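# Structural characterization, general
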Amino acid sequence: MSESLDAFARHKLAGLESAALRRRLVPTARGPAAAAERGGRTLVSFSCNDYLGLSHDPRVIAAAAEALARYGAGSGASRLVTGNGPPLVALEERLARHKGKEAALVFGSGYLANLGIAPALVGPGDLILIDELGHSCLFAGARMSGARVEVFSHNAVEPIRAGLRRHRGSVRRALILTERVFSMDGDRAPLPEILALAEAFDAWTLVDDAHGLGVVEPGARAPLEMGTLSKTLGSYGGYLCASRPVIDLLTSRARSLVYTTGLPPASAAAALAALDIVETEPERAARPLALARRFTARLGLPEAQSPVVPVLVGAAEAALALSEALEARGFLVVAIRPPTVAPGTARLRVAFSAAHSEAQVDALADALAELAPDKR
Ligand SMILES: Cc1ncc(COP(=O)(O)O)c(C=O)c1O
């Protein structure tokens, strides 16, 4: 019986391999100061989303260790049963305050948050408009909702207006999905324009702030602000900040909250300690963007809008080869290939951290200028 299953898997893998799209898990031991050990070599990582280096901050580690010792390794049940420990409650209060919202809801991950939010708010007979470069979990939540899903060109406002004009009269509810900072491109959504359109057409807006929290000026806030604890906050988990009634509704209706175990207390405590640092150390929070701009200026690339800078390569094989050449020089910059990005737009996604030194950033830029002079 399982022969056909294995044959199927082998056949699919061969297809992925021949298109340079097979993915492999590589053991990687991360350390402080953006270090990542692979195959016995210590590399400088430009591929972590730990933008402020907080996953290794002694204060964050101490907060997690204390919660671990006090409340145990796991939360024991879903949050609605007994898995709603004190660190989660405290974290929600702080997240809401940080975002200027009435309330917050912490999920098991950012992916789970996005799987739960849209289906709890819209369904068949409703409309979702989503940026074509939206994260996979935004699309997954949109499709699970059963609403009509229309995809608009990246960061374009006119197709949103057109979509709302065309459908708003015939749908009960309309939801716009976008990101504050796009994960693979590092550019930023035109939020003031989108929010004004949403207001004019009585549509709702969900902004995914996974890559913006703490590292870019937020500007306009959407009614629905979701994000993750796993990037700037150096921990694990996801959240939604919104009004009290919306959070109360999601607490009852988001299936990816109701039917899954609560986040471990140590993860919540770590994120809370990290949020303290984000709020009290603005110079640290400003550093990744400053380093990203130093890098784009040195290479003559368009000025970075966030700590994420794409170096477009094109073919998947070429992106892999450039990544390998950089690794040989001591830099870990993982190649990003389809389907994470569109075919023909494979790239190196360079992520800057407060943990990097100026010298490391300059060395990476110089290595890239030498290895891929056409990228300047
Ligand atoms: C834009 C965006 N949204 C959501 C997620 C999912 O967050 P998490 O890693 O917490 O599941 C990610 C990253 O993984 C992301 O880049």
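Everything numeric in this text was worked out from a predicted model, so none of it was measured. (Residues numbered from 1 in each chain as written. Predicted model: local features only at pLDDT ≥ 70, side-chain atom pairs only at ≥ 80, totals over all residues. Heavy atoms only, no water.)

In this section: the pairing of strand E6 (residues 148-152). Consecutive residues of a regular strand have side chains that alternate between opposite faces of the sheet. Bridging between strand E5 (residues 127-131) and E6 involves five bridges; their strand directions are parallel. Opposite Leu127, over in E6, you have Arg148 as the bridge partner. After leaving E5, the chain enters helix H5 (residues 136-145) and then returns to the sheet as E6, a path that is right-handed. (Pairing = 2+ DSSP bridges. Helix = DSSP H or I, 4+ residues; strand = E, 2+ residues; numbered from the N terminus. Right-handed = clockwise from strand over helix to strand, strands pointing away.)

Let us now look at the nonpolar core. Residues Leu91, Leu95, Val106, Leu229 and Leu233 are the most contacted members of the largest nonpolar core, which totals 33 residues. At the level of elements, helix H2 (58-71), helix H3 (86-99), strand E4 (103-107), strand E10 (238-242) and helix H10 (265-280) are the ones that each hand at least two residues to this core. If you tally residues by element for this core, the top one is H10, at ten residues. Counting 29 residues, the second largest nonpolar core, distinct from the first, contains Leu301, Ala319, Leu326 and Ala372. (Core = buried A, V, L, I, M, F, W, Y, C linked by side-chain atoms within 4.5 Å. Buried < 20%, exposed > 50% of the residue type's maximum accessible area, 1.4 Å probe, protein only.)

A word on the packing of aromatic side chains. Across all of its chains, the model carries three aromatic pairs by this definition. Measuring from ring centre to ring centre gives 6.3 Å for Phe46 and Phe331, while their planes differ by 55°; the resulting arrangement is tilted. On the criterion of sequence distance, the pair formed by Phe46 in the loop between strand E3 (41-45) and H2 and Phe331 in strand E12 (residues 331-332) is long-range, its members being 285 residues apart. Note on Phe331: relative accessible area 8%, which makes it buried. With a centroid separation of 5.0 Å and 55° between ring planes, the pair formed by Phe295 and Phe352 is classed as tilted. Here Phe352 lies in the loop between strand E14 (346-351) and helix H13 (358-371) and Phe295 lies in helix H11 (residues 282-299), a separation of 57 residues in the sequence. Here the two residues Phe295 and Phe352 agree in accessibility, since each one is buried. Taken together, the ring pairs connect Phe46, Phe295, Phe331 and Phe352 into an aromatic cluster. (Phe/Tyr/Trp six-rings, centres within 6.5 Å; stacked < 30°, edge-to-face > 60°.)

Moving on to the site of the ligand. In the region of the ligand, 14 residues are neighbours, and Gly110, Asp208, His211, Thr228 and Lys231 sit closest. Residue Gly110 places a main-chain N or O atom 2.8 Å away from an oxygen atom belonging to the ligand. Contact between the ligand and Tyr111: an oxygen atom at 2.9 Å from a main-chain N or O atom of the residue. When isolated, the ligand has an accessible area of 390 Å², and the protein chains bury 86% of it. A molecule is said to occupy a pocket when more than half its atoms come within 2 Å of that pocket's grid points, and by this definition the ligand occupies the largest pocket. When grouped by side-chain class, the residues that make up the shell around the ligand number three nonpolar, eight polar and three charged. (Near = heavy atom within 4 Å. Polar contact = N/O pair within 3.5 Å; in protein donor to acceptor, adjacent residues only side chain to side chain. Areas by Shrake-Rupley, 256 points an atom, 1.4 Å probe, with all protein chains shown as cover. 1 Å grid on protein atoms, 1.4 Å probe; cavity = no way out; pocket = protein on both sides within 12 Å on 5 of 7 lines; lining within 4 Å. Sits in = over half its atoms within 2 Å of the grid points. Nonpolar A, V, L, I, M, F, W, Y, C, P; charged D, E, K, R; others polar.)

The quantities given are spatial measurements derived from coordinates; they are silent on function.
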